[in-house]
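Now for the letters of each chain:
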Amino acid sequence: MKRKAVFPGSFDPITLGHFDIIKRGISLFDEVVVAIGINADKKYMFSLEERKSFIEEAFKNEPRVSVITYEGLTIDLCRKLDAQFILRGLRNPADFEFEKAIAHTNRKLSQIETVFLLTASKTSYISSSIVRDVIRNGGDYTVLVPDSVVVKKEK
């Protein structure tokens with residue numbers, strides 16, 4: 001049986017931390033599906049199409065990584081895709097506490113296991129919200145994201 005993991009998130013934008021988790025996930029799973037969740041209540045810096053494009057471009061030479069968008073529960077998406085695992089990255093103890101509650105809930109509602117990978121120490125401080133703040137304030141965001149993330153300059 002093919003080992004498939006879903007890596008859910010908003011990826012607004014994808015960071016080097018996300019990139020690292022996906023790359024390491026490829027060594028554990030036959031396929032990693034990066035699933036961009038759609039939340040109508042959330043205000044995003046990048047459009048859904050841009051976020052999807054950033055990830056697809058970053059992994060264009062890795063056939064075992066696919067990128068999709070979805071709404072609803074991640075476990076429902078996993079069932080639909082026949083994915084047995086949810087992949088999540090942990091940066092710090094606060095992430096662990098938050099993710100642990102979600103993982104327990106998902107396990108209670110399904111047979112889908114959550115696999116946690118610790119982010120690399122060199123990327124553990126990076127979050128999408130920090131990247132967005134750097135971008136908003138004209139800083140050099142390129143050291144925090146894959147090369148595929150390009151911010152269009154406003155005229």
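Residues numbered from 1 in each chain as written. Predicted model: local features only at pLDDT ≥ 70, side-chain atom pairs only at ≥ 80, totals over all residues. Heavy atoms only, no water.

- Per an unreviewed UniProt entry, the protein chain is named Phosphopantetheine adenylyltransferase, and its organism is Flavobacterium rivulicola.
- Turning to the protein chain, the UniProt record has this under Sequence similarities (unreviewed entry): "Belongs to the bacterial CoaD family."
- Its UniProt record gives the protein chain the following Cofactor (unreviewed entry) comment, quoted word for word: "Mg(2+)". (UniProt positions renumbered as here; feature names shortened; annotations may be inferred.)

**What about the side chain of Asp 12?**
Then comes step 1: If you trace the backbone, Asp 12 turns up in the loop between strand E1 (4-9) and helix H1 (16-28).
Then comes step 2: Here Met 45 takes part through its backbone nitrogen, which lies 2.9 Å from a polar atom of the side chain of Asp 12.
Then comes step 3: Every residue in contact with Asp 12, bar those within four places of it in the chain, is listed here: Tyr 44, Met 45, Phe 46, Arg 51, Ser 128 and Arg 132. (Helix = DSSP H or I, 4+ residues; strand = E, 2+ residues; numbered from the N terminus. Polar contact = N/O pair within 3.5 Å; in protein donor to acceptor, adjacent residues only side chain to side chain. Contact = heavy atoms within 4.5 Å.)

**Re the UniProt feature "site: Transition state stabilizer" (unreviewed entry) in the protein chain**
Then comes step 1: The UniProt entry lists His 18 under the feature "site: Transition state stabilizer" (unreviewed entry), expressed in the numbering used here.
Then comes step 2: Counting through the fold element by element, His 18 comes out in helix H1.
Then comes step 3: Among the polar contacts made by the side chain of His 18, one reaches the main-chain amide nitrogen of Thr 15 at a distance of 2.9 Å.

**Observations concerning the nonpolar core**
Then comes step 1: Counting residues in hydrophobic clusters, the biggest one holds 27 residues, and the most contacted among them are Ile 22, Ile 55 and Leu 87.
Then comes step 2: Beyond its immediate chain neighbours, meaning those up to four positions away, Ile 22 contacts Phe 7, Ile 14, Val 32, Val 34, Phe 59 and Val 65.
Then comes step 3: Within the second largest apolar cluster, 10 residues are counted, among which are Ala 35, Tyr 70, Ile 75 and Ala 83. (Core = buried A, V, L, I, M, F, W, Y, C linked by side-chain atoms within 4.5 Å. Buried < 20%, exposed > 50% of the residue type's maximum accessible area, 1.4 Å probe, protein only.)

**Re the sheet that holds strand E5 (residues 113-118)**
Then comes step 1: With respect to topology, five strands assemble into an open sheet ordered E3-E2-E1-E4-E5, the strand pairing being parallel. This sheet does not close on itself; its edge strands, each paired only once, are strand E3 (65-70) and E5. The average angle at which neighbouring strand axes cross in this sheet is 30°, direction not considered.
Then comes step 2: Bridge count between E1 and strand E4 (residues 85-90): two bridges; the pairing is parallel. When the bridges of E4 are listed, Ala 5 appears paired with Phe 85. (Pairing = 2+ DSSP bridges. Axes fitted to C-alpha atoms, helices over the stretch in contact; angles between N-to-C directions.)

**Things to note about the environment of Thr 142**
Then comes step 1: The residue Thr 142 is located in the segment after helix H5 (128-136) in this model.
Then comes step 2: Along the chain, Thr 142 and Thr 15 lie 127 residues apart, while their C-alpha atoms are 9.6 Å from each other.

**Here we look at the environment of Glu 57**
Then comes step 1: Mapped onto the fold, Glu 57 is located in helix H2 (residues 48-58).
Then comes step 2: We classify Glu 57 as partly exposed; its relative accessible area is 39%.
Then comes step 3: Sequence separation between Glu 57 and Pro 146 is 89 residues; the distance between their C-alpha atoms is 9.4 Å.

**Focus on H2**
Then comes step 1: Those residues of H2 not exposed but buried are Arg 51, Phe 54 and Ile 55. Each buried residue of H2 lies within a common arc of 90° when the element is viewed along its axis, so the set occupies one face.
Then comes step 2: Elements in contact with the buried residues of H2: strand E2 (31-37) and E3. (Arc of directions from axis to C-beta.)

**Description of unusual backbone geometry**
Then comes step 1: Cis rather than trans, the peptide bond between Asp 12 and Pro 13 has omega equal to 0°.
Then comes step 2: Phi is positive for Phe 11, which is not a glycine, with a value near 50°.
Then comes step 3: Residue placement: Phe 11 occurs in the loop between E1 and H1.
Then comes step 4: Even without being a glycine, Asp 82 presents a positive backbone phi close to 55°.

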